[in-house]
Amino acid sequence: MALQQDLRQYSRLKTNTKVVIEGVDVLTTEGWEKDTNVLIEDGRFISIKRTANKDGCQRIKAKGLQMFPGIVDLHGDAFERTICPRPGVNIPLAMAMIENDRNLLAAGITTYFCAITDSYEPGLRSRDTARDLINFIWGEGQHLLSCNHLIHIRHELTNIRGHEELCTWLQKRRIHFLSINDHLPPVEDRYKWRRHISNLRRRVILSNQEIIDMLTQLQEYRQEGSLQVEQLVELAHIYNIPVASHDDDSEEKVALSHRRRMAIAEFPANVDLAAQERKYGASVLMGAPNLLQGGSHMGWMSVEEALKNKVLDCLCSDYHYPSLFYAPFKLHSEGLMPLEKAWELVSSRPAAAIGLGKQKGKIAPGFDADFLLIRPENTLPSSIASVYIQGKEVAKYS
């Protein structure tokens, strides 16, 4: 309920004008409703019928177009490349986030959990950047951004500085989704150590020795960081903020996630661990780029493997927005799922996993009128003709 109330910040998009989308083919959870009329009032779906009372309605002719529920993206961090396209190159935040907003809409994403990393790194993934992003989304961004923006904080366990500030953000509900990350590799694992240093070089301007010194010192913060995480998780539960685990790769980590009552398991390593996460009540979230690449870039469980073993609940964009639009069509074309079920992986199921299952992700009476009008010629984002959020057209493509 609290998350649904937070989405009222976007009530500026609503209109009291009645709208009817005429002659459209609608993708529902049961399949296609062909050549029908969709009535929208006050930003919500009212009815889906072949015959509808169109008196006083704004009429939008959509014959030959398909209507899909808007995409709900629980974990997307591609905005980082618009803010910092190269190490040390920073684009003004408003400019970068407006560009990112347009990229989201062009990929059919209507509700977006901006995955902000709260890390020990300087620069792009620092607390300072996280604070700037939160202030922008809650402030100026409400007038500049069209996509529903919600805040997903990816807290690194060994980032122990500024703990009280993070607690305050949770208490004031400035965060909508919290995930617990631990990307710091142990010193003895030389492969992960080298890989992490290589990744850091792409984001920070530090010498090799400075990076090694930083990572070595951080090893000392694990115990304190773990105690802080326990407090953060407890606060999140008190304020009804969903919590996720991240990259669980052992039974011990899965058991810890269960004890912490994680609602979502992001990117578990293999089928057995994912099955345990689901048994404990967590929804398994995986990245759509994994499906397009034919597997995990880390060598972990593939989306296709998860699907065949019935341990996949929803998909996210991870680091590439267009993949999330294309993934359901790929699943359908390869005979893995009916299209209406595949589309649920990017709409109704992530909405339900995060607590928005009665508001977002379906074209049904009472739901927010977030939807896409799509030309059926192809299965790429270029097929999107228009994007609507709460009944208002926010993007149109020729």
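Residues numbered from 1 in each chain as written. Predicted model: local features only at pLDDT ≥ 70, side-chain atom pairs only at ≥ 80, totals over all residues. Heavy atoms only, no water.

Let's shift gears to the sheet that holds strand S9 (residues 177-181). Paired through their backbone hydrogen bonds, the strands of a sheet run either parallel or antiparallel. Read across the sheet, 8 strands follow the order S6-S7-S8-S9-S10-S11-S12-S13 without closing on themselves; strand pairing throughout is parallel. Only two strands of the sheet have a single neighbouring strand rather than two, namely strand S6 (71-76) and strand S13 (314-316). Averaged over all pairs of adjacent strands, the angle between strand axes in this sheet comes to 25°, irrespective of strand direction. Pairing between strand S11 (residues 264-266) and strand S12 (residues 283-287): 3 bridges, direction parallel. In the sheet register, glutamate 266 faces S12, and the bridge partner there is leucine 285. (Pairing = 2+ DSSP bridges. Helix = DSSP H or I, 4+ residues; strand = E, 2+ residues; numbered from the N terminus. Axes fitted to C-alpha atoms, helices over the stretch in contact; angles between N-to-C directions.)

Next up on the list: helix H9 (residues 222-238). A rise of 1.5 Å per residue sets the reference length of H9, with its 17 residues, at 24 Å; its end C-alpha atoms lie 24 Å apart and thus fit the reference within 8%. Taken together, the buried positions of H9 are Gly225, Gln228, Val229, Leu232, Val233, Leu235 and Ala236. Taken around the axis of H9, the buried residues stretch over an arc of 160°, which confines them to a single face. Exposed residues on H9 whose side chains face more than 90 degrees from its buried face are Gln223, Leu227 and Ile238. Summarising the contacts, the buried residues of H9 are in contact with strand S8 (148-156), helix H6 (163-171), S9 and strand S10 (243-246). One or two steps after H9, the chain reaches asparagine 240, where phi turns positive at roughly 55°. (Expected span 1.5 Å × (residues − 1). Buried < 20%, exposed > 50% of the residue type's maximum accessible area, 1.4 Å probe, protein only. Arc of directions from axis to C-beta. Contact = heavy atoms within 4.5 Å.)

Let us look at the environment of leucine 124. Structurally, leucine 124 is set in the loop between strand S7 (109-118) and helix H4 (127-138). Given a relative accessible area of 13%, leucine 124 falls into the buried group. Residues contacting leucine 124, with those up to four places away along its chain left out, are Glu80, Ile83, Cys84, Thr129 and Arg203.

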